[in-house]
Protein chains: 2
Amino acid sequence: MMRAVTTAGFGDIDVLQVSEIPRPIPGENEVLVKIHASALNRADTLQRKGLYPPPPGASNIIGLECTGEVAESVGSWASGKRVMSILSGGGYAEYATIPSDHLIPIPDNLSYEEAAAIPEGWITAYQILFYIAKGKPQEKVLIHAGASGVGTALIQLAKLKGLLVAVTCGSQEKMDFCRNLGADLAINYKTESFKEKIRDFGGVDIVLDCIGANYFEDNLDAINLDGRWIIYGTMGGHQVNQVSLRGLMAKRVSLITTTLRSRSKEYKADLIKEFINDGILDAFQNGILKPILYRTFSMEEVALAHELMEKNENSGKIVLKIIS
Amino acid sequence: MMRAVTTAGFGDIDVLQVSEIPRPIPGENEVLVKIHASALNRADTLQRKGLYPPPPGASNIIGLECTGEVAESVGSWASGKRVMSILSGGGYAEYATIPSDHLIPIPDNLSYEEAAAIPEGWITAYQILFYIAKGKPQEKVLIHAGASGVGTALIQLAKLKGLLVAVTCGSQEKMDFCRNLGADLAINYKTESFKEKIRDFGGVDIVLDCIGANYFEDNLDAINLDGRWIIYGTMGGHQVNQVSLRGLMAKRVSLITTTLRSRSKEYKADLIKEFINDGILDAFQNGILKPILYRTFSMEEVALAHELMEKNENSGKIVLKIIS
């Protein structure tokens, strides 16, 4: 048996509870991991409400990432090895089973809680900026929700590879935070028009968009010729009233929609391999890249953690400590 | 001096006239070509109406392609060599200047008029199906306007590379025509719902779309997970009402808008190089690929040629003979 966060039906934060449930059993090429920490993603709150069911075959337990130690040796993964991973579900629990080619070693200088801020946010960031948008040095990128988990990873990855970075966020504090991480331009969407600011910035080659409908027209204005516009979330609505295909064609825009969770195991393994081989772990080890941990909660405090995420006040990741 | 089709203002077909104008002078790395034939594209009728101005630096003369002979040797291009090329303008004339790396030798078995059905249509087709949509063997592709110049090229290129092909077109005659070119499924959009037919076909991995707004919802229905949807024209309107980003994300769709004419000379040279190196010319030489010539007009009959294109009755290309 193991302790895990389960839900009593779907709904508000009070459906979250800690229960004793069976420990998962690893299948072929899977590793049983004893989880030390997990972290929150916006998808978790949607799943809690019943709006984002786990993909077929995934655990019903909420939680898209974890850090922990290998519980039983498999191949080159020795028992006790410190690892982190994205998950298609099951992170809010004491144990998870993970495909061996999804595991990533934790850099020595990071604790389990610090590393818990990495997997989902940083791999999503790496995926959309390099794997999908093919971001190159000197290109300009617009990152919405710059202070979010994915946003803070995107800023650092973009600067690591020599791109010019503009972000939107919702407070002076978050603007300063994003600038400290390397953003060349921070825009407060509550008080400024990002359309105007991005025009002064010379437009952008890449838009990384978790907002959707609300920003659609302004994003089209902001993007330059041959721009890549990656939609990976619709926090600002998903129904766009008017889309001008001529407007998109005039800029030869590629509008690419994507999710990470629903991808095949093979896709994820390839992506993770590239993430590792591209020197990202070394940059964490050297302190060039920093996982951004906003606050840590215990498993029993999971409802407070969800409440904090829904308030949208965090800069960086909200971490759930599984082993106290 | 040379004879060329010019326009007396913008408007209906009666603005088209044949005039004497100065012969163009080749710049650096450009070849002067004595044109034998050109061909019509839908963009030509828009340009005649003043709705599609030529890009900066391009000729004001209508005409996006030509076949002819090298008029003066440049590098390895010897005087008299039979060549064909896409143009950013200037095809409806006796001479054009063309970047040397845009020239393509005409396969021996094709006349100047037959070859005139190749450049714009086939290079556009190659670009959108392989260069942009990354079409692979066994994938399913939906080609709208299957009997058009680009459509007939797309059908043949897709079959050459082992894809499964569905087309839409507007008459029984065009359906038969497309099937004879290799289409696995032909749909009459005037009498049938392509949405239903494509569902029976198992959906498609690629949509090649010159229609736009009218078909938007049905295209989204037709496309499969990770589908690439290339918009290269908006014959059916450009303003789409109510686009569901969630609908696009659920299928992880890439909506890629493109034009060929506006691309840089370097882009076109790279594309043409790949077109040649991929064995396409050999396939013309061997008769595996066939340029589809619908009807030929003399330069003096250019108004009739435009009228025919606007009636939308042609299957394949309408060619303009410059040397009679």
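Residues numbered from 1 in each chain as written. Chains lettered and ligands numbered in written order. Predicted model: local features only at pLDDT ≥ 70, side-chain atom pairs only at ≥ 80, totals over all residues. Heavy atoms only, no water.

**Structural notes on the pattern of salt bridges**
All names here are of chain A.
So, step 1. In this structure the tally under the stated criterion is 27 salt bridges over all chains.
So, step 2. Put simply, K197 and E192 hold a salt bridge, and the shortest N to O gap is 3.2 Å.
So, step 3. According to the relative accessible area criterion, K197 is partly exposed, its value standing at 32%.
So, step 4. Overlapping salt bridges, with partners in common, bring together D12, R48, K49 and E310 in one network. (Salt bridge = Lys/Arg side-chain N within 4 Å of Asp/Glu carboxyl O. Buried < 20%, exposed > 50% of the residue type's maximum accessible area, 1.4 Å probe, protein only.)

**Some details on the environment of A:Q285**
So, step 1. Within the secondary structure, A:Q285 is located in helix α10 (residues 280-285).
So, step 2. What makes A:Q285 partly exposed here is its relative accessible area of 34%. (Helix = DSSP H or I, 4+ residues; strand = E, 2+ residues; numbered from the N terminus.)

**Points about the pairing of strand β14 (residues 254-257) of chain A**
Residues and elements named next belong to chain A.
So, step 1. Across the two faces of β14 the burial is the same, with S254 and I256 and L255 and T257 all buried.
So, step 2. As defined by bridge partners, strand β12 (residues 223-231) adjoins β14 across four bridges and the pair is classed as parallel. Across the sheet, R228 pairs through a bridge with S254, a residue of β14. (Pairing = 2+ DSSP bridges.)

**Side note on the pairing of strand β15 (residues 293-298) of chain B**
Residues and elements named next belong to chain B.
So, step 1. One ladder, built from five bridges, connects β15 with strand β16 (residues 317-321); its direction is parallel. Across the sheet, the residue bridging to L293 is K317, located in β16.
So, step 2. After leaving β15, the chain enters helix α11 (residues 302-311) and then returns to the sheet as β16, a path that is right-handed. (Right-handed = clockwise from strand over helix to strand, strands pointing away.)

**As for the UniProt feature "domain: Enoyl reductase (ER)" (unreviewed entry) in chain A**
So, step 1. Mapped onto the present numbering, the UniProt feature "domain: Enoyl reductase (ER)" (unreviewed entry) falls on residues 11-320 of chain A.
So, step 2. Secondary structure content for residues 11-320 of chain A is 31% helix and 27% strand, and the end C-alpha separation is 20 Å. (UniProt positions renumbered as here; feature names shortened; annotations may be inferred.)

**Description of the packing of helix α3 (residues 119-132) of chain B against helix α4 (residues 149-160) of chain B**
Think of two packed helices as two axes; the pair is described by the angle between the axes and how far apart they sit.
Residues and elements named next belong to chain B.
So, step 1. The geometry of α3 relative to α4 is characterised by a closest axis approach of 8 Å and an angle of 55 degrees between their N-to-C directions. Taken together, the axes of α3 and α4 lie oblique to each other. Classified by chirality, the crossing of α4 by α3 is right-handed. Of the residues in α4, those touching α3 at G121, W122, T124, A125, Y126, I128, L129 and F130 are V150, A153, L154, Q156, L157 and A158.
So, step 2. Across the contact of α3 with α4, the residue classes break down as eleven nonpolar, three polar and no charged. (Axes fitted to C-alpha atoms, helices over the stretch in contact; angles between N-to-C directions. Parallel < 35°, antiparallel > 145°, perpendicular 65-115°, else oblique. Left-handed = near helix turned anticlockwise from the far one by under 90°. Contact = heavy atoms within 4.5 Å. Nonpolar A, V, L, I, M, F, W, Y, C, P; charged D, E, K, R; others polar.)

**Looking at unusual backbone geometry**
Residue and element names in this part refer to chain A.
So, step 1. One non-glycine residue, D226, adopts positive backbone phi at about 65 degrees.
So, step 2. With respect to the helices, strands and loops of the structure, D226 is situated in strand β12.
So, step 3. Of the residues examined, D226 reaches a relative accessible area of 31% and is grouped as partly exposed.

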